[in-house]
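# Report on the structure
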Amino acid sequence: MPPRAKIIGIGASLPSNIVHNTQLDPALETSHEWIMERTGIEQRHIASEGEFTSHLAIAAGREAIASAGVEASSVDLIIVATTTPDDTMPATATKVQHALGTSGAAFDMNAACSGFVFAMTTANSFILSGAAKRVLVIGAETYSRIMDWSDRSTCVLFGDGAGAVLLEAAEGERGILSAQIFTDGQHAPQLNTSGGVSSTKTAGFLTMAGKEVFRHAVSKMPEAVEKTLASAGLTVADVDWLVPHQANQRILAGVGHRLGIDAAKVISTVAKHANTSAASIPLALYEGVHDGRIKKGDIIACPALGAGFTWGCVVIKW
Ligand SMILES: CC(C)(COP(=O)(O)OP(=O)(O)OC[C@H]1O[C@@H](n2cnc3c(N)ncnc32)[C@H](O)[C@@H]1OP(=O)(O)O)[C@@H](O)C(=O)NCCC(=O)NCCS
């Protein structure tokens, strides 16, 4: 039997600076009640001055390797999923590689909020093909840096953080059972930044047609879950935990509802972390593992949708 990409370690890192809804700038003319009712978000972690995506990625990656109890030098690939790299070049992954002392290669991947699912799908292919044996997948973001802090319709929704998993080629049933990714670039205008290096020479600020994104999220994510489960020979009834990209509690509830998955089986960290883009799924997995909900052998479906649109799902036997 070919090896599977088994998760042998997990790590997380959040900036220590927490901003509660009640601490947001009064000039935004928003309220804790509005944000809670429409999104379920109570607070977000915001990187301090001088705290970069790489710092969060390194801390999460280091914990993932330590929790697996392996040498960093045995890791032969790092993929950092991020839309908010420290610099345009080199890739943030190269800083992580240097700090952790891993071998082989390291690169970044940009699939916005679907970044973790795209990176896991890529890591899975490297492992299944035999091209890598241990792959560190990190979702790391500082979206606070691409917020227009005068736009209440976006800035209240996002936060900073990083989550990481260490995958290893292993025999047996546990690991990634199936992973599928999709892209439809016609939706780029609905969720993007107002600029970029080549177009405006600056990163720009995030802009979003919230209702449109919402509509697509609650239809594409369930569809991706069903397709990915089917390709693993499973159905929704086999799912122990749904761990979707954490954008909005109403989206999480909508995805669970469409799939007929009980709300108690949907792991949500959106209240505490807000939307941390590529970091949100590994941060939620981390919480589920550390509070004892996720147990060895559980079937977990992790769908995401992000700018592009990009979307997909990874199904894991923990
Ligand atoms: C952004 C989102 C929360 C807005 O919720 P909504 O119910 O669609 O609200 P609307 O955009 O229709 O705005 C309703 C009103 O609230 C106002 N509003 C928007 N943000 C507000 C805020 N933070 N505080 C107070 N009022 C706000 C709007 O100006 C609008 O006012 P108007 O009716 O006078 O024009 C919701 O669309 C959403 O979650 N979309 C998906 C976003 C997401 O997570 N994307 C990332 C996926 S990767």
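### Some words on the packing of aromatic side chains
By the definition in use, this model includes 3 aromatic pairs. Summarising the aromatic geometry, the rings of Tyr143 and Phe158 are spaced 5.3 Å apart at their centres and angled 25° between planes, so their arrangement reads as stacked. Here Phe158 lies in the loop between helix 5 (152–155) and strand 7 (160–170) and Tyr143 lies in the loop between strand 6 (134–142) and helix 5, a separation of 15 residues in the sequence. Accessibility classification places Tyr143 together with Phe158 in one group, the buried group. Aromatic side chains Phe182 and Trp311 sit 5.7 Å apart centroid to centroid with 20° between the ring planes, which places their arrangement in the stacked category. Linking Phe182 in strand 8 (residues 175–183) with Trp311 in strand 13 (residues 310–317), this pair joins segments that are 129 residues apart in sequence.

### Looking at the domain arrangement of the protein
For an interface, size is often stated in terms of accessible area lost upon the parts coming together. By the assigned domains, the protein splits into domain 1 (4–170) and domain 2 (175–317). Each of domain 1 and domain 2 has a C-alpha centre, and these two points are 14 Å apart. Each partner contributes to the interface: domain 1 provides 51 residues, whereas domain 2 provides 47 residues. Summing both sides of the interface, domain 1 and domain 2 together bury roughly 3800 Å²; the carbon and sulfur share of this comes to 69%.

### What about helix 2 (residues 53–68)?
An ideal rise of 1.5 Å per residue puts 22 Å on 16 residues; helix 2 measures up with 23 Å between its terminal C-alpha atoms. Residues Thr53, Ser54, Leu56, Ala57, Ile58, Ala60, Gly61, Ala64 and Ile65 constitute the buried set of helix 2. Buried-residue contacts for helix 2 involve strand 1 (4–13), helix 3 (92–100), strand 6 and strand 7. Gly69 sits one or two residues past helix 2 and shows a positive phi near 70°.

### Things to note about the side chain of Thr122
Mapped onto the elements, Thr122 comes out in helix 4 (residues 115–129). Separated by 2.7 Å, the side chain of Thr122 and the backbone oxygen of Phe118 make a polar contact. Filtering out sequence-adjacent residues up to four positions away, Thr122 remains in contact with Ile79, Phe107 and Met109.

### As for the pairing of strand 1
On any regular strand, side chains alternate: one points to one face of the sheet, the next to the other face. Counting buried residues in strand 1 gives 8 out of 10 residues, a clear majority hidden from the surface. Inspection of the sheet shows strand 1 paired to strand 7 by 9 bridges, in the antiparallel sense. Bridge pairing in strand 7 places Arg4 opposite Ala170.

### Structural notes on the side chain of Ser277
Locating Ser277 in the fold gives a position in the loop between helix 9 (270–273) and helix 10 (280–290). Relative accessible area serves as the criterion here: at 1%, Ser277 is assigned to the buried category. At 3.4 Å, the side chain of Ser277 and the backbone nitrogen of Cys113 are in polar contact. Within the structure, the side chain of Ser277 is placed 3.0 Å from the side chain of Tyr143, a separation counted as a polar contact. The contact partners of Ser277, leaving out residues within four places of it in the chain, are Thr83, Ala112, Cys113, Glu141, Tyr143 and His245.

### A closer look at the sheet that holds strand 6
Pairing is mixed across the open sheet formed by 5 strands, whose spatial order is 1-7-6-4-5. In the strand order of this sheet, the two ends are held by strand 1 and strand 5 (105–109), each with one partner. Each adjacent strand pair in this sheet contributes to an overall mean axis angle of 20°, direction not counted. Summarising the sheet, strand 4 (residues 77–81) and strand 5 pair through 5 bridges and their orientation is parallel. Across the sheet, Leu77 pairs through a bridge with Ala105, a residue of strand 5. Across the face of the sheet, helix 10 comes into contact with strand 1 and strand 7 while running at roughly 90° to strand 1.

Criteria and thresholds
Residues numbered from 1 in each chain as written. Predicted model: local features only at pLDDT ≥ 70, side-chain atom pairs only at ≥ 80, totals over all residues. Heavy atoms only, no water. Phe/Tyr/Trp six-rings, centres within 6.5 Å; stacked < 30°, edge-to-face > 60°. Helix = DSSP H or I, 4+ residues; strand = E, 2+ residues; numbered from the N terminus. Buried < 20%, exposed > 50% of the residue type's maximum accessible area, 1.4 Å probe, protein only. Domains from an automatic or database assignment. Contact = heavy atoms within 4.5 Å. Buried area = accessible area lost by both parts, 1.4 Å probe. Expected span 1.5 Å × (residues − 1). Polar contact = N/O pair within 3.5 Å; in protein donor to acceptor, adjacent residues only side chain to side chain. Pairing = 2+ DSSP bridges. Axes fitted to C-alpha atoms, helices over the stretch in contact; angles between N-to-C directions.

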